[in-house]
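Spelled out, the chains give:
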Amino acid sequence: MTDTVLRLIGVTQQYGTGATAVSALSGVDLEVCRGELVAVMGPSGSGKSTLLSIAGGLAIPTTGEVVVEGSYLSEQSPKQLAQLRRRSLGFVFQDFNLIPTLTALENVTLPLELDGLRARTARRAGRDALASVGLEGKADSYPDDLSGGQQQRVAIARAVVGGRRLILADEPTGALDSVTGELVLKMLRARVDAGAAGILVTHEARHAAFADRIVFLRDGRIVDESRRQSADSLLAAR
């Protein structure tokens, strides 16, 4: 499909060898298209975070292929892979991962400047990204001066700045209250509606309801999938 942003093809992740080997993922096939948000659900240890790490090139699968916008990650040099992550992939984590000694604007623009973008151009793009999450007035604030919800919104701005096409979110609302968490999910949903592809790892059925499709993992395998169906119904059926 021409609008496919991410493909996982027969992805397996195994730790250890022989009798002590543990499979975190086993033969996973998954496609995520532009304008689509896929929620990945499953019990603790089912492979959700491993799947996200492999999708973002942060971990190398034992077998199988990962394709991002037509590029096979296994064929990329470390330099090419780092460049692809800076330009095409946006990560949002539960613990924000902001650099405390940098302002909100500096945190957002850092990937752009590392990619060689001129500082003035990067700052302009960073301010636009902060404005898109309602934080245009917090550009010069440091993470310690921001609430948890504001820090997560900075992290989202960093994930989308520069027009990244694949957003990977790992329990992004876990440290937030319910109201702020819903706001963060609406922002992720808006970015996907604007043309990105997204994967949301969550254990909350009400959060998965923001997705177009729900994939359920168990023991490293996709055991069920639902398109625009209640996540509560999906979980009840397991």
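This text goes with the structure placed above it.
Residues numbered from 1 in each chain as written. Predicted model: local features only at pLDDT ≥ 70, side-chain atom pairs only at ≥ 80, totals over all residues. Heavy atoms only, no water.

The subject of this paragraph is the pairing of strand 10 (residues 221–227). On a regular strand, one side chain projects to one face of the sheet and the next to the other, so that they alternate. As judged from the six bridges shared by strand 9 (residues 213–218) and strand 10, these two strands associate in the antiparallel manner. Counted as the bridge partner of Val215 is Glu225 from strand 10. In this structure, the hairpin formed by strand 9 and strand 10 is closed by a connection of two residues, where Asp219 is found at a positive phi of approximately 50°. (Pairing = 2+ DSSP bridges. Helix = DSSP H or I, 4+ residues; strand = E, 2+ residues; numbered from the N terminus.)

Under the counting rule described, the total for this entry stands at one aromatic pair. Taking 5.9 Å as the distance between ring centres and 5° as the angle between the ring planes, the aromatic pair formed by Phe91 and Phe93 counts as stacked. Taking the relative accessible area as the measure of exposure, Phe91 reaches 17% and is therefore buried. (Phe/Tyr/Trp six-rings, centres within 6.5 Å; stacked < 30°, edge-to-face > 60°. Buried < 20%, exposed > 50% of the residue type's maximum accessible area, 1.4 Å probe, protein only.)

Our focus in this paragraph is the nonpolar core. In this structure, Val92, Val108, Leu130, Val154, Ile156 and Leu188 are the most contacted members of the largest nonpolar core, which totals 38 residues. For this core, the secondary-structure elements that each account for two or more residues are strand 3 (37–41), helix 3 (104–114), helix 4 (119–132), helix 5 (148–160), strand 7 (166–170), helix 6 (178–193) and strand 9. If one sorts the elements of this core by residue count, helix 5 sits on top with six residues. Counting residues in hydrophobic clusters, the runner-up holds 28 residues, among them Leu25, Leu30, Leu52 and Ile199. (Core = buried A, V, L, I, M, F, W, Y, C linked by side-chain atoms within 4.5 Å.)

Turning our eyes to something else, we now look at the environment of Val40. For Val40, the position within the fold is in strand 3. Residue class for Val40 comes out buried when judged on its relative accessible area of 0%. Apart from residues lying up to four places away in sequence, Val40 is in contact with Lys48, Ile199, Leu200, Val201, Thr202, Val215 and Leu217. (Contact = heavy atoms within 4.5 Å.)

Another aspect to go through is the sheet that holds strand 9. Read across the sheet, six strands follow the order 6-7-8-3-9-10 without closing on themselves; strand pairing throughout is mixed. Looking at which strands have only one partner, the edges of the open sheet turn out to be strand 6 (89–93) and strand 10. Taken over all neighbouring pairs, the strand axes of this sheet differ in orientation by 20° on average, direction set aside. In terms of strand pairing, strand 3 meets strand 8 (residues 197–201) through four bridges, oriented parallel. Counted as the bridge partner of Ala39 is Leu200 from strand 8. (Axes fitted to C-alpha atoms, helices over the stretch in contact; angles between N-to-C directions.)

Right, let's get into the pairing of strand 8. Among the five residues of strand 8, five are classified as buried, and the element is accordingly described as predominantly covered. The side-chain alternation of strand 8 yields two buried faces, one formed by Ala197, Ile199 and Val201 and the other by Gly198 and Leu200. As paired strands, strand 7 and strand 8 are joined by five bridges and run parallel to one another. For Leu166, the partnering residue across the bridge sits in strand 8 and is Ala197.

It is worth spelling out the side chain of Gln150 at this point. If you trace the backbone, Gln150 turns up in helix 5. Among the residues examined, Gln150 registers a relative accessible area of 19% and is labelled buried. The residues contacting Gln150, other than those within four sequence positions of it, are Leu135 and Lys138.

To continue, consider the sheet that holds strand 5 (residues 71–72). Spatially, four strands are ordered 2-1-4-5 in an open sheet, and the strand pairing comes out antiparallel. Looking at which strands have only one partner, the edges of the open sheet turn out to be strand 2 (22–33) and strand 5. Alignment of strand 1 (residues 4–15) against strand 2, held across eight bridges, turns out to be antiparallel. Bridging from a neighbouring strand, Leu8 pairs with Leu30 of strand 2. In the packing of helix 1 (residues 48–55) onto the sheet, the strands contacted are strand 1, strand 2 and strand 4 (63–68), and the crossing angle to strand 1 comes to about 125°.

Before going further, it helps to examine the pattern of salt bridges. Tallied over the full model, the rule gives eleven salt bridges. With a closest N to O distance of 3.6 Å, Lys186 and Glu182 form a salt bridge. Remark: Glu182 and Lys186 occur in helix 6; sequence separation between them is four residues, near one turn of the helix. One salt-bridge network, in which partners are shared between bridges, spans Glu36, Arg213, Glu225 and Arg227. (Salt bridge = Lys/Arg side-chain N within 4 Å of Asp/Glu carboxyl O.)

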